[in-house]
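Chain by chain, the residues:
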Amino acid sequence: MNVTENGMKYRQPLKEGYLQRVPAEQEGNAEVYAPSRITENNITDTDSLTGGLLEKILDRDNMNKAFKKVKSNKGACGIDGMGVEELLRYLKENGQQLTQAIQEGKYRPNPVRRVEIPKEEKGKVRRLGIPTVVDRVVQQAITQVLSPIFERQFSDSSFGFRPKRSAHDAIRRCQKHVDEGYKYVVDMDLEKYFDTVNQSKLIEVLSRTIKDGRVISLIHKFLRAGVVIGHKFEGTEVGVPQGGPLSPLLSNIMLNELDKELERRGHRFVRYADDMVILCKSKKSAKRTLENILPYIEGKLFLKVNREKTEVGHISKVKFLGYTFYRHKGQTRVRIHPKAVAKMKTRIKELTARSNGMGNEQRIFNLRKYIMDGLTTSNWLI
């Protein structure tokens, strides 16, 4: 690794590459690897995963797809300062060494760059970890191969970060349960979930399905890569850093353990990432459910429940994914929670303020992007 003037470490360039070069005008659509094509597989047969899974991750088609996904997502730079616009050139020059290092177990992910996003609660922040763009490609390649494997295992009551599922689907499932008489809710709050995941437990859960030890080792390296805050490095012995392509999948794999336990006990529930409600027919039943599930969450999964924010109450008192529920003419209906409306108004004022130094064109662009992002992902509701 080279050290720059500002103290940041830059990824050491590799000297030889085998990737094909393309004319500059074609770079936008160029592939990272030589363009020979092989049939794409949906890898869902977990019985066959005693080995060879790493080769599927490093397959040319899979790596090309990962590169294109990372490039289309854009995003901020990691600690090495490399942007997505530099990614193609780097991979064309160094792709062979990159894949060889991964195959030989010599690949070492860079620490993530800490970014703090203010939360609704005054003084509180959401901590993100931004991987380098090269590490994002590797994470994306892993995710593309593992997702179809674990999708077969995931609960039908889980909706976050899954294909063809959304926050709106989660809300509709809640409505269905309430219409069937489940009007009391355990509103579960997992305290700093991403920061407190027990890595040993996560590796144990992964190892039940993934039998290629090289893949387990690679994922473990990402978990233990550390974080850079300012110019200071900190180790990461617990938690799953939010901000990389692999984090949502690992989150769902861990919390699928809770999903299956709730299903085994016969509970109705809806989960979106680490936001969860368990629905019951009476307040007494909801309280008993909370008391009985706490030992499993904290004693078996080693997660921490925020007692102050976890509550039991009628569905009309709950805020879930930015919505609240009410009954009208015998049917359960939803409306945007007042706090979500206030949050949206505040953000719109920030984007349209004359004092923010933006021109009208940029102001309009940012406002349109905010609205469209909210409509497609419900981000400004959650």
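Not measured: the values here are computed from a predicted model.

**Student:** Which residues make up the overall build of the protein chain, and what values do they have?
**Tutor:** A tally of helices and strands in the protein chain yields 12 helices and 12 strands. Split into buried and exposed, the 382 residues of the protein chain put 45% on the buried side. Taking contacts inside the protein chain between residues at least 6 apart in sequence as the whole, the part at least 24 apart equals 71%.

**Student:** Describe in detail the environment of I229, supporting the description with residues and values.
**Tutor:** For I229, the position within the fold is in strand 6 (residues 227–229). Taking the C-alpha atoms as reference, I229 lies 8.9 Å from V112; in sequence the two are 117 residues apart. Dropping the residues within four chain positions of it, I229 is found in contact with R114 and E234.

**Student:** Residues and numbers for the packing of aromatic side chains, please.
**Tutor:** Under the counting rule described, the total for this entry stands at four aromatic pairs. Judged by centre distance (6.3 Å) and plane angle (55°), the rings of Y107 and F222 are tilted. One end of the pair, Y107, is in the loop between helix 3 (87–103) and strand 3 (112–118); the other, F222, is in helix 8 (residues 213–223), with 115 residues separating them in the sequence. In terms of burial, Y107 and F222 fall into one category: buried. With a centroid separation of 6.3 Å and an interplanar angle of 40°, the aromatic rings of F161 and Y272 are classed as tilted. Of the two residues, F161 is situated in the loop between helix 4 (133–151) and helix 5 (167–179) and Y272 in strand 8 (residues 268–272); the sequence distance between them amounts to 111 residues. Relative accessible area serves as the criterion here: at 48%, F161 is assigned to the partly exposed category. The ring of F159 carries the charged tip of R165 above its face, separated from the ring centre by 4.9 Å. Residue placement shows R335 over the ring face of Y326; its charged tip is 4.3 Å from the ring centre.

**Student:** Can you break down the sheet that holds strand 5 (residues 184–189) residue by residue, with the values?
**Tutor:** As summarised here, the arrangement of the four strands in space is 8-9-5-10, forming an open sheet in which the pairing is antiparallel. The open sheet has two edge strands, strand 8 and strand 10 (311–314), and neither has a second partner. For this sheet, the mean inter-axis angle between neighbouring strands, taken without regard to orientation, is 20°. As paired elements, strand 5 and strand 9 (residues 275–280) share six bridges and run antiparallel to each other. For D187, the partnering residue across the bridge sits in strand 9 and is V277. In the packing of helix 10 (residues 283–299) onto the sheet, the strands contacted are strand 5, strand 9 and strand 10, and the crossing angle to strand 5 comes to about 25°.

**Student:** Just give me the short version of the sheet that holds strand 7 (residues 232–234), but keep the residues and values in it.
**Tutor:** Sheet strands pair by backbone hydrogen bonding; their relative direction is either parallel or antiparallel. The four strands lie next to each other as 4-3-6-7, forming an open sheet whose pairing is mixed. In this open sheet, the two edge strands, each paired with only one partner strand, are strand 4 (125–130) and strand 7. Going across the sheet, the axis of each strand differs from the next one's by a mean of 40°, ignoring polarity. Bridge count for strand 3 against strand 4 is six bridges, and the pairing is antiparallel. Residue pairing in the sheet places I117 in a bridge with R126 of strand 4.

**Student:** Explain a positive patch on the surface to me, using residue names and the numbers behind them.
**Tutor:** Together, K119, K124, R126 and K192 make up a region of like positive charge exposed at the surface. Looking at the secondary structure, you find R126 in strand 4. Note on R126: relative accessible area 39%, which makes it partly exposed.

**Student:** Which residues make up the pairing of strand 3, and what are the values?
**Tutor:** Pairing between strand 3 and strand 6: two bridges, direction parallel. Bridge pairing links R113 to V228 in strand 6.

**Student:** Pulling in residues and values, what's your account of the pattern of salt bridges?
**Tutor:** In total, this model carries 21 salt bridges according to the counting rule given. Residue K304 is joined to E191 by a salt bridge in which the shortest nitrogen-to-oxygen separation is 4.0 Å. With K304 in the loop between helix 10 and strand 10 and E191 in the loop between strand 5 and helix 6 (193–196), this residue pair connects regions lying 113 residues apart in the sequence. Note on E191: relative accessible area 25%, which makes it partly exposed.

**Student:** Explain the environment of F269 to me, and be specific about the residues and the numbers.
**Tutor:** Inspection of the secondary structure assignment puts F269 in strand 8. In the structure, F269 is positioned 10 residues away from D259 in sequence and 8.3 Å away in space, judged by C-alpha atoms.

**Student:** Outline the packing of helix 4 against helix 9 (residues 247–264), supporting the account with residue identities and numerical values.
**Tutor:** In contact at an axis separation of 9 Å, helix 4 and helix 9 are set at 30° when each is read in the N-to-C sense. What the angle tells us is that helix 4 and helix 9 run roughly parallel. In terms of crossing hand, the pair formed by helix 4 and helix 9 is left-handed. Every residue of helix 9 that contacts helix 4 at Q139, T143, L146, S147 and F150 is listed here: S247, L249 and I253. Grouping the constituent residues of the contact of helix 4 with helix 9 by class yields four nonpolar, four polar and no charged.

**Student:** Can you tell me about the packing of helix 9 against helix 10, naming the residues and giving the values?
**Tutor:** Between helix 9 and helix 10, the shortest axis-to-axis distance is 11 Å and the interhelical angle comes to 150°. Taken together, the axes of helix 9 and helix 10 are roughly antiparallel relative to one another. Remark: the crossing between helix 9 and helix 10 carries right-handed chirality. Of helix 10, the residues touching helix 9 (which contributes E257, L258, E261 and L262) are I293, Y296 and I297. By residue class, the composition of the contact of helix 9 with helix 10 is five nonpolar, no polar and two charged.

Rules of the game
Residues numbered from 1 in each chain as written. Predicted model: local features only at pLDDT ≥ 70, side-chain atom pairs only at ≥ 80, totals over all residues. Heavy atoms only, no water. Helix = DSSP H or I, 4+ residues; strand = E, 2+ residues; numbered from the N terminus. Buried < 20%, exposed > 50% of the residue type's maximum accessible area, 1.4 Å probe, protein only. Contact = heavy atoms within 4.5 Å. Phe/Tyr/Trp six-rings, centres within 6.5 Å; stacked < 30°, edge-to-face > 60°. Lys NZ or Arg CZ within 6 Å of the ring centre and 35° of its normal. Pairing = 2+ DSSP bridges. Axes fitted to C-alpha atoms, helices over the stretch in contact; angles between N-to-C directions. Patch = residues over 30% accessible without salt bridge, like charges linked within 9 Å, V, L, I, M, F, W, Y side chains within 5 Å. Areas by Shrake-Rupley, 256 points an atom, 1.4 Å probe, with all protein chains shown as cover. Salt bridge = Lys/Arg side-chain N within 4 Å of Asp/Glu carboxyl O. Lys, Arg positive; Asp, Glu negative; His and termini not counted. Charge placed at Lys NZ, Arg CZ, Asp CG, Glu CD. Parallel < 35°, antiparallel > 145°, perpendicular 65-115°, else oblique. Left-handed = near helix turned anticlockwise from the far one by under 90°. Nonpolar A, V, L, I, M, F, W, Y, C, P; charged D, E, K, R; others polar.

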